[in-house]
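Here are the chains, one letter per residue:
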Amino acid sequence: MSFKVIPKTVLPDWIDQMRLSQRVVGPRPLHGQHVFGDVHTAAEIDLDYPTTVIPPKKYLFPQQEDLLTFRLDGSAPRVVQDAEPTVVLGLHTCDLHALHLLDRVFAQTYIDQPYMARREKTTLVSIECLRPCMSHSFCKSMGTLSVTDGFDLHLTDLGDDYGVDVGTDKGAALLQGLSGVRDATDDDQHRVNRVMTEKWPRFPLRLEFDVTELPSLMSVSYDSKLWDELGDRCLACAMCTNVCPTCYCFNVADEVDLTLSAGKRYRVWDSCQLDKFATVADGHNFRAKRAARQRHRFLRKGKYQTDAFGLLGCVGCGRCAQACLVDITPVDTWNELYRRRHRPASGESKEVAA
Amino acid sequence: MTQALRETLAEPSIYLPTTATIADIRAVGKREKVFTIELPRGVSLGNQPGQFVEVSILGVGEAPISISSSPSRSNGSFELCVRKAGDLTGVMHTLKVGDTLGIRGPFGRGFPIERFRGKDMLFAPGGLGLAPLRSLINQVLDERGNFGRVIIAYGARDPGELLFKDELERWAQRSDVELHLTVDRGDESWTGPVGVITTLFPKIEVHARNTVAVTVGPPVMYRFVLMELLGKGISEGSIWLSLERRMKCGVGKCGHCQINHLYTCQSGPSFSYAEIKHLGEAL
């Protein structure tokens, strides 16, 4: 829409202004890491952060979310509508790409009102990453290192200023009345271009093949022995899916309160990596082996989501790799599948060695 | 889109069940009861044979249950045949006529009956598989003239596990229905054949090119029944099944029912064998 510039010194005023009408959340340092949390003052936020433990999807799809409340007197249950206007400040582009996928998932065929209600009330202010956040991230390989749309505002760190790409009216409204905002000049645009040109070589390409090959690689790797090898290592702890920005599987459960006369139905994040995830009433488990569950996870990320929604199910944030206690990573997994497929000699020797 | 589904979409949440009333309850097996359910204001469920609903009891939870009645006999109500198996079904079995429960749906893809018309129908339910298949069988019987032969090959664990005995009786007496029953283990009262369901197939002659086979049963049954059906020369596209999965949300979101890339609650639970034979997780 338009391109603006704000001096970094206005950030405190800007946060104060936003907080007059809505909740503001952003990356905050905590115990040596960063987490998205409520921001009350500019001193709490750190926009130059590496990555967060849990992705900001939790504001659209909370870890636990009430769907209904009810009384046990035969009356009809009530839908919980507790979405509040929220600004998510400082999303990295990988996490923004992940929300593009979730937008499609929750709007397809049946509209998921809990997600959509939060989505409509959320303003997304993303920020350009200028340096790799950690060794596990591989956003450049996944094509998520930058972003062209899907944000309300997008910030680029220009030293003393932020370049602000205004993506929507909702984003423009966030800047309304803020003193210090000015239209970008040609010179500002050159500054952004220089920053972008300089940032690109800092990020390594970590996949040994072009990511557009990934869905077909996953198709032909369905019967790979690698899944058994991963299954042997996997602890089925579900950390990988808990920290994933594109995972959205959930369970639904009821809880009756202490009065035994009322309660709620809530949904809670679930994981295809957990033992009972695909178990039906008579006890049959359709994905009993960890190998099958790892395969399912990687096929979802590398192929199924692309088939269903046109977007890859992995954005290369690296959180699952960082969280995994036995070092199962998407980069190693996909590169190994590629090697076994395209360099069978080395693949065979590896399998013998293993 | 059915009227019930339109109403669901007009609701503020796809997860909000409609409060429905139990109009009748009858036992049809040792562990199975049929619940006749009425939606408010006489609204018809508008289901296709093979679809399911999410049944909920507030404070207990929600579970997918296949619809056992055919649209041709809806009459302002529908039937669920429920085996007492888990938390929700256990509580369901304690409910009485006049009690309420929550309904969402109907969901999923039913059997494409329009493609079956003019064909000989071979139904092969195993155990509780008769519950969903009964909806299709009765639909076919209610428009009997549109179909060729109607063959039912039904197997259960023991005579006490044969469901819908009154209906089996009526089907047995019809000259236009060929009913074959078997039980894995007989008892003193049982005079029919003893053996698993596949032992019925050698007795059944079919005109393979004009036959549609529909089989619903426990996961372990499919591989063996499919071998029999394919062995008779029935084409892969003319063999239909209903796959059981944990369809927790019913609306293609929660992920529990996935068979490879497919959400069973959306693409199924009814599938032709041709549609799923290449999927490693299907059978």
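Rules used throughout
Residues numbered from 1 in each chain as written. Chains lettered and ligands numbered in written order. Predicted model: local features only at pLDDT ≥ 70, side-chain atom pairs only at ≥ 80, totals over all residues. Helix = DSSP H or I, 4+ residues; strand = E, 2+ residues; numbered from the N terminus. Rg over C-alpha atoms; globule rule 2.2 N^0.38 Å. Buried ≥ 20, exposed ≤ 12 C-beta atoms within 10 Å, placed from the backbone. Contact = placed C-beta atoms within 7 Å. Pairing = 2+ DSSP bridges. Domains from an automatic or database assignment. Expected span 1.5 Å × (residues − 1). Nonpolar A, V, L, I, M, F, W, Y, C, P; charged D, E, K, R; others polar. Core = buried A, V, L, I, M, F, W, Y, C linked by C-beta atoms within 7 Å. Right-handed = clockwise from strand over helix to strand, strands pointing away. pLDDT = per-residue confidence, 0-100. Axes fitted to C-alpha atoms, helices over the stretch in contact; angles between N-to-C directions. Parallel < 35°, antiparallel > 145°, perpendicular 65-115°, else oblique. Left-handed = near helix turned anticlockwise from the far one by under 90°.

Novice: Report on the overall build of chain B, specifying residues and quantitative values.
Specialist: Scanning chain B from N- to C-terminus turns up 8 helices and 14 strands. For 283 residues, the compact-globule formula gives about 19 Å, and the C-alpha radius of gyration of chain B, at 18 Å, lands near that figure. Dimensions along the principal axes, computed over C-alpha positions, put chain B at roughly 50 × 45 × 35 Å. Every one of the 283 residues in chain B was classed for burial, and the buried ones make up 51%.

Novice: How would you sum up the overall build of chain A? Please name residues and give values.
Specialist: Counting its secondary structure elements, chain A contains 13 helices and 12 strands. With respect to the principal axes defined by its C-alpha atoms, chain A has extents near 65 × 65 × 40 Å. Residues classed as buried in chain A amount to 42% of the 354 residues present. Considering only intrachain contacts with a sequence separation of at least 6, the fraction spanning at least 24 residues in chain A is 72%.

Novice: I'd like a description of the sheet that holds strand 6 (residues 86-91) of chain A, backed by residues and values.
Specialist: Strand pairing within a sheet occurs via backbone hydrogen bonds; the two strands may be parallel or antiparallel. Residue and element names in this part refer to chain A. Spatial ordering of the open sheet is given by 3-2-6-7-8-9-1-10, a layout of 8 strands whose pairing is mixed. With one partner strand each, in any of the chains shown, strand 3 (33-38) and strand 10 (182-183) form the two edges of the open sheet. In the sheet, strand 6 pairs with strand 7 (residues 122-127) via 5 bridges, with the strands oriented parallel. For L91, the partnering residue across the bridge sits in strand 7 and is S126.

Novice: An account of the domain arrangement of chain A is requested, with residue identities and associated values reported.
Specialist: All names here are of chain A. Here chain A is described as being made up of domain 1 (2-61 + 79-202) and domain 2 (211-245 + 275-353). Taking the mean C-alpha position of each, domain 1 and domain 2 sit 30 Å from one another. Domain 1 puts 22 residues into the contact, and the matching count from domain 2 is 18 residues. Of all the secondary-structure elements, those providing two or more residues to the side of domain 1 that touches domain 2 are helix 2 (93-107) and helix 4 (139-142). It is helix 2 that contributes the most residues to the side of domain 1 that touches domain 2, 8 residues altogether.

Novice: Account for helix 4 (residues 130-142) of chain B, with residues named and values stated.
Specialist: A rise of 1.5 Å per residue sets the reference length of helix 4 of chain B, with its 13 residues, at 18 Å; its end C-alpha atoms lie 17 Å apart and thus fit the reference within 8%. Of all the positions in helix 4 of chain B, only L130, A131, P132, L133, R134, S135, L136, I137, Q139, V140 and L141 of chain B are classed as buried.

Novice: For the domain arrangement of chain B, give the residues involved together with the corresponding values.
Specialist: All names here are of chain B. Taken domain by domain, chain B comprises domain 1 (3-106) and domain 2 (113-242). Placing a centre on the C-alpha atoms of domain 1 and another on those of domain 2 gives a separation of 25 Å. A per-class count over the side of domain 1 that touches domain 2 returns 5 nonpolar, 7 polar and 4 charged.

Novice: Summarise the nonpolar core; cite the residues concerned and give the values.
Specialist: L102 of chain A together with F123 and V214 of chain B are the most contacted members of the largest nonpolar core, which has 160 residues in total. Ranked by residues supplied to this core, first place goes to helix 2 of chain A with 8 residues. Those residues in contact with L102 of chain A that lie beyond four places of it in its chain are K57, L60, F61, T246 and Y248 of chain A.

Novice: Describe the interface of chain A and chain B, naming the residues involved and giving the relevant values.
Specialist: In this assembly, 36 residues from chain A lie in contact with 31 residues from chain B. At 6 residues, the largest contribution of residues to the side of chain A that touches chain B is made by strand 11 (residues 250-256) of chain A. Its residues assigned to classes, the side of chain A that touches chain B shows 25 nonpolar, 7 polar and 4 charged.

Novice: Before we move on, could you go through the pairing of strand 9 (residues 178-183) of chain B and cite the residues and values that matter?
Specialist: All names here are of chain B. Across 6 bridges, the pairing between strand 8 (residues 150-156) and strand 9 is parallel. Paired with A153 across the two strands is H180, which belongs to strand 9. Viewed along the sheet, the connection from strand 8 through helix 5 (residues 165-173) into strand 9 turns out right-handed.

Novice: How would you explain the confidence of the model for chain A if you had to name every residue and give the values?
Specialist: Per-residue confidence for chain A gives a mean pLDDT of 95, with 97% of residues at or over 70. Segment residues 347-354 of chain A: pLDDT under 50, and 4 contacts once partners within four positions in sequence are set aside and those in other chains are kept.

Novice: I'd like a description of the environment of E188 of chain B, backed by residues and values.
Specialist: Within the element layout of this structure, E188 of chain B appears in the loop between strand 9 and strand 10 (211-216). Expressed as a C-alpha distance, the spacing of E188 of chain B and P159 of chain B, which sit 29 residues apart in the sequence, is 9.9 Å.

Novice: Give a detailed account of helix 6 (residues 219-231) of chain B, specifying residues and quantitative values.
Specialist: Residue and element names in this part refer to chain B. Buried within helix 6 are the following residues: M221, Y222, V225, L226, E228 and L229. Close packing links the buried residues of helix 6 with strand 7 (120-125), strand 10, strand 11 (239-242) and helix 8 (273-276). One or two residues past the end of helix 6 sits G233, with phi positive at roughly 95°.

Novice: Any details on the packing of helix 8 (residues 226-233) of chain A against helix 10 (residues 290-309) of chain A? Residues and values, ideally.
Specialist: All names here are of chain A. Contact geometry of helix 8 with helix 10 gives a least axis separation of 7 Å together with a crossing angle of 115°. As far as their axial angle goes, helix 10 and helix 8 are roughly perpendicular. Relative to helix 10, the crossing made by helix 8 is right-handed. Facing W227, D228, L230 and G231 of helix 8, the residues of helix 10 in contact are R290, A291, Q294 and R295. For the contact of helix 8 with helix 10, the residue count by class is 3 nonpolar, 2 polar and 3 charged.

Novice: Please provide a residue-by-residue account of the confidence of the model for chain B, values included.
Specialist: Mean pLDDT over chain B: 94, with 96% of residues reaching 70 or higher. Low pLDDT (under 50) marks residues 5-10 of chain B, which in the prediction has 3 contacts with non-local residues, meaning those over four places away or in another chain.

Novice: Which residues make up the environment of R104 of chain B, and what values go with them?
Specialist: Residues and elements named next belong to chain B. Along the chain, R104 falls in strand 6 (residues 100-107). We classify R104 as buried; it has 24 C-beta atoms within 10 Å. Residues R104 and V55, spaced 49 residues apart in sequence, show a C-alpha to C-alpha distance of 6.7 Å.

Novice: Kindly report on unusual backbone geometry, identifying the contributing residues and their values.
Specialist: Residue and element names in this part refer to chain B. Between G105 and P106 the backbone carries a cis peptide bond, its omega angle lying at 10°. Relative to the helices and strands, P106 is located in strand 6. Looking along the chain, the bond that leaves G268 and enters P269 is cis, with omega of 5°. Along the chain, the position of P269 falls in the loop between helix 7 (264-267) and strand 14 (270-272). The backbone of R41 shows a phi angle near 60°, a positive value even though the residue is not glycine. Within the element layout of this structure, R41 appears in the loop between strand 2 (32-38) and strand 3 (52-57). The phi angle at N260 is positive, at roughly 50°, despite the residue not being glycine. When you line up the elements, N260 lands in the loop between strand 12 (258-259) and strand 13 (262-263).

Novice: Which residues make up the pairing of strand 9 (residues 161-166) of chain A, and what values do they have?
Specialist: All names here are of chain A. Counted residue by residue, strand 9 has 5 buried out of 6 residues, so it is predominantly covered. By the bridge criterion, 6 bridges tie strand 1 (residues 2-7) to strand 9 in an arrangement that is antiparallel. Bridge pairing in strand 9 places F3 opposite D165. Where strand 8 (residues 153-157) lies against strand 9, 5 bridges are found, and the strand directions are antiparallel. Bridging across to strand 9, L153 finds its partner in V166. Connecting strand 8 to the antiparallel partner strand 9 that follows it, the hairpin turn spans 3 residues, and G159 within it adopts a positive phi of roughly 95°.

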